[in-house]
Amino acid sequence: MDFSYTIFILIIPIAMFLLLGFFYNKIKPAVSGWIGVAGLTAVAGMSYYTAYQYFFNIPKVAGKFQTFFGFKMNWMNYILPKTEDLPERFLAIDMGILLDPISIMMMVVVSTISLMVHIYSRGYMKGDRGYTKFFAFLSLFTFAMMGLVVATNLFQIYVFWELVGVSSFLLIGYYYEKPSAVAAAKKAFIVTRFADLGFLIGILLMGYYGGSYDFMELNNPEGFNIILENAPQKFMGISVITTALILMFMGGAGKSAMFPLHIWLPDAMEGPTPVSALIHAATMVVAGVYLVARMFPMFHFFDDGFALHVVAWVGAISSLIAAIIALTQTDIKRVLAFSTMSQIGYMMLALGVSEYDGHEGLGYMASMWHLFSHAMFKALLFLAAGSVIHAVHSNYLKDMGGLRKYLPITNITFLIAALSISGFPLTAGFFSKDEILVAAFEHNKPIYFITLFVAGLTAFYMFRLYFGIFWGKKTAYEHTPHESPWSMTIPLMFLAFMSIASGYLPFSEWVTADREAIHGHIGLFSNLGAIHWDMAAIAIATGLLGIAIAWFFYKKPTDYPAKISAAFGRFYKWTFNKFYIDEVYLFITHKIIFKCISTPFAWFDKKVVDATMEGIGNKTVDVSKLIKGVQSGKIQDYAFAFAGGVFILVLIVMYML
Amino acid sequence: MIENVSIYELLTLTTLLFFIGLYGFLTRKNLITMLMAIELLLNTSVINFVVINKYLYPDVLQGVYFSIFIIAVAAAETALAISIIINLYRLKTSVDISETETMKY
């Protein structure tokens, strides 16, 4: 099968970026919007075609999906010199397009969400000054994210990893006149850069001890023993490969906003809402999950999956903390941001509890499935929230209420997404969450209970949001809110459809850790047959309980929420202030790092380095002040000096030579 | 060649003229006078060319030709200098050298 056309999936977005970026003063906004939509349609079409070819038309070998390369280029070669323990080895850095179930799934996710966001942005950003620039940045992001998901080796993933970081930075800081947006952009960039430092060290360790950057070589289970022989070093009881994996996961945790590196995500909501939907809900923030899934065989194998345990617990703790914080936030985008963090925690913990083979690899499949369905319903939630913000010009719950009459389409689509994320039966979230719960139950009971509890919290805060926006008190609006234009509601409707339909994709057949079908069912309703109804019943009950409480509290204005928050007292305040994690960071950076390290360095720089240079400069000025009188401007002085010089030269020639 | 006059006397004359010209150039404050001093300097070199040509290499004429060249160049240069001085006079209503001291550090 020839997949060489997949290179255009990368070329089209970068070409659009260059076109829109270089000529952004010359292209009319309407045209640039259409260029973006047309380009993304082509990209999405190719992604769907690739997925169709891959999953339906290519025969499996021994029941497994094969790996294909759409394009592969040897970029840089290194030789690792011979050492006492290790033989001389060759290390190659490649660029290429790797096609396997997870990369194709991610291609579909990224292109679908990006296309929807492009269409939506044509309405949402209408009349904005930097309209074309916005689409240029979106194209850059799409390029970077596509390059990330099709990466063939660790270095390529790192290069594109940084590129998505940059485009995220540019888009968060899109409203650059707003100081808070600038601060948020800087925060996001610095926090993720800090995490990427761990990623880079992990990659270098992996290259040195693992002997390769190539995913195919690294994740080949037959090569693990050779790697273990070559890398016997232990550090604090764990092998150096596991250390490398944990460091790489640190990079993934930074991008995926896992505790304690999550602090940038809520602030990132300063960006335009379509950006939040695309980057900070559906695609970029799942890059960490994707990274762990990509390296899954290594995570699973080394040190009996110690690194995977770290992943599981970080995911579980993040999902719990984020869900609790989300209960109290009043900015609707921030609620969604914490919800995103919580759901990504789900994906992480599902990967963390997964095994490799057969049915034991359920968690892996569940994680990827949840990634897919989450991308759909979370992008929908953000876009719907953007539609609400577009209508009432505020981010805060207190300015909303009773909007269901004014925004009927937004209301219905938001409800579908909220039901899906709450795990309401027969929605996509129900299926993927069910698989996560089963995987957690089978392998790690404490994590299962955390997951279940978080599921209840999720249902509650989602419906708190839903009732708060669309029901609740009657707010008097200055301008009567009106439904958004078609360009905004069509993506909402499509994503609402996907929020349900993606539950019926046969993921257990397509995307598994060992690439063999788990259940063996085929067909539209095979997922229903595979549901573990005992597990599902508990999850449904929890979800419905959360929804019911939210109904009871928020459907009509009541004073229960105030009473409950008063009863929790200090805990409520802690939660409202996001457990003061930001303040801890500020304390560490400002009080400790800046004061104890940066200030002395700054002193040294100013008083020693700069002072030396300035001293040289000042001395030069002093000397030139002394001798500048020579340049008097009097012709006769010059002539005298010249004649005198000639005279002396003549004397020298006459008497000394 | 002049009767009873040797090359030494003539060269002594031109040397004297040269230093007179140099002295004039270095000490005069009037730009016109300085220009005259420069002419003096040029004339010494012209005389030198002719004298050395006549006394040392009487068979050739290069020195004489050169003297003509120098006179032509000196005439052009003088025209230029005079025009500069006139412009300066229009600007400053003076031809004093101290008026030209603005081009300095």
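Before reading further, recall that the structure is shown in the block above.
Residues numbered from 1 in each chain as written. Chains lettered and ligands numbered in written order. Predicted model: local features only at pLDDT ≥ 70, side-chain atom pairs only at ≥ 80, totals over all residues. Heavy atoms only, no water.

A.B. asks: What am I meant to see in the nonpolar core here?
C.D. replies: One recurring pattern in soluble globular proteins is that nonpolar side chains are buried together. Among the nonpolar cores identified, the biggest contains 220 residues, and Ile-113, Met-206, Met-295, Met-298 and Ile-469 of chain A are the most heavily contacted of them. Considering every element that reaches this core, the biggest residue donor is helix H16 (residues 362-392) of chain A, with 22 residues. Not counting chain neighbours up to four residues away, the residues in contact with Met-206 of chain A comprise Leu-154, Gly-211, Ser-212, Leu-218, Ile-241, Ala-244, Leu-245, Met-248, Met-295 and Met-298 of chain A. Of all hydrophobic cores here, the second largest spans 14 residues; its members include Leu-31, Ala-37, Leu-41 and Ile-97 of chain B. (Core = buried A, V, L, I, M, F, W, Y, C linked by side-chain atoms within 4.5 Å. Buried < 20%, exposed > 50% of the residue type's maximum accessible area, 1.4 Å probe, protein only. Helix = DSSP H or I, 4+ residues; strand = E, 2+ residues; numbered from the N terminus. Contact = heavy atoms within 4.5 Å.)

A.B. asks: Teacher, can you tell me more about the interface of chain A and chain B here?
C.D. replies: Quite often, the size of an interface is put as the accessible area lost when its parts meet. In this complex, chain A contributes twelve residues to the contact, which on the side of chain B involves 13 residues. Around 990 Å² of area is buried between chain A and chain B when both sides are counted, 68% of it from carbon and sulfur atoms. Together, Gly-633, Ile-635 and Gln-636 of chain A form the three largest contributors to the area buried by chain A at its contact with chain B, with a combined 47%. In this assembly, chain A and chain B are joined by zero salt bridges. (Buried area = accessible area lost by both parts, 1.4 Å probe. Salt bridge = Lys/Arg side-chain N within 4 Å of Asp/Glu carboxyl O.)

A.B. asks: What is the right way to look at the environment of Tyr-504 of chain A in this model?
C.D. replies: Residue and element names in this part refer to chain A. Secondary-structure assignment places Tyr-504 in the loop between helix H20 (486-501) and helix H21 (507-510). On the basis of relative accessible area, Tyr-504 is assigned to the buried category, the value being 16%. Along the primary structure Tyr-504 and Lys-255 are separated by 249 residues, whereas in three dimensions their C-alpha atoms are 29 Å apart. Within the structure, the side chain of Tyr-504 is placed 3.0 Å from the backbone oxygen of Leu-426, a separation counted as a polar contact. (Polar contact = N/O pair within 3.5 Å; in protein donor to acceptor, adjacent residues only side chain to side chain.)

A.B. asks: Quick question: what am I supposed to make of the packing of helix H18 (residues 428-443) of chain A against helix H19 (residues 445-470) of chain A here?
C.D. replies: Residues and elements named next belong to chain A. Close contact between H18 and H19 brings their axes to 6 Å; oriented N to C, the two are set at 155 degrees. One way to sum up the angle between H18 and H19 is to call them roughly antiparallel. Between H18 and H19 lies a crossing of left-handed hand. Residues Lys-433, Ile-436, Leu-437, Ala-440, Phe-441 and His-443 of H18 form the contact with H19, whose own contacting residues are Lys-445, Ile-447, Tyr-448, Thr-451, Leu-452, Ala-455 and Thr-458. The residue inventory of the contact of H18 with H19, partitioned by class, reads eight nonpolar, three polar and two charged. (Axes fitted to C-alpha atoms, helices over the stretch in contact; angles between N-to-C directions. Parallel < 35°, antiparallel > 145°, perpendicular 65-115°, else oblique. Left-handed = near helix turned anticlockwise from the far one by under 90°. Nonpolar A, V, L, I, M, F, W, Y, C, P; charged D, E, K, R; others polar.)

A.B. asks: Would you take a moment to explain empty space enclosed by the protein for this structure?
C.D. replies: Over the atoms, a rolled probe matching the size of one water molecule traces out where space is still vacant. Residue and element names in this part refer to chain A. Tallying each qualifying case throughout the model produces two cavities of 30 Å³ or more. When its volume is computed, the largest cavity comes out at roughly 70 Å³. Listed by contribution, the elements that provide at least two residues to the lining of the largest cavity are H18 and helix H23 (533-554). A per-element tally of the lining of the largest cavity places H18 first, with four residues. Its residues assigned to classes, the lining of the largest cavity shows five nonpolar, two polar and two charged. Estimated volume of the second largest cavity: approximately 30 Å³. Taken together, the residues of the lining of the second largest cavity break down into five nonpolar, one polar and two charged. (1 Å grid on protein atoms, 1.4 Å probe; cavity = no way out; pocket = protein on both sides within 12 Å on 5 of 7 lines; lining within 4 Å. Points joined across faces, edges and corners; volume = space filled by probe spheres on them.)

By themselves, these are just geometric observations and shouldn't be taken as functional.
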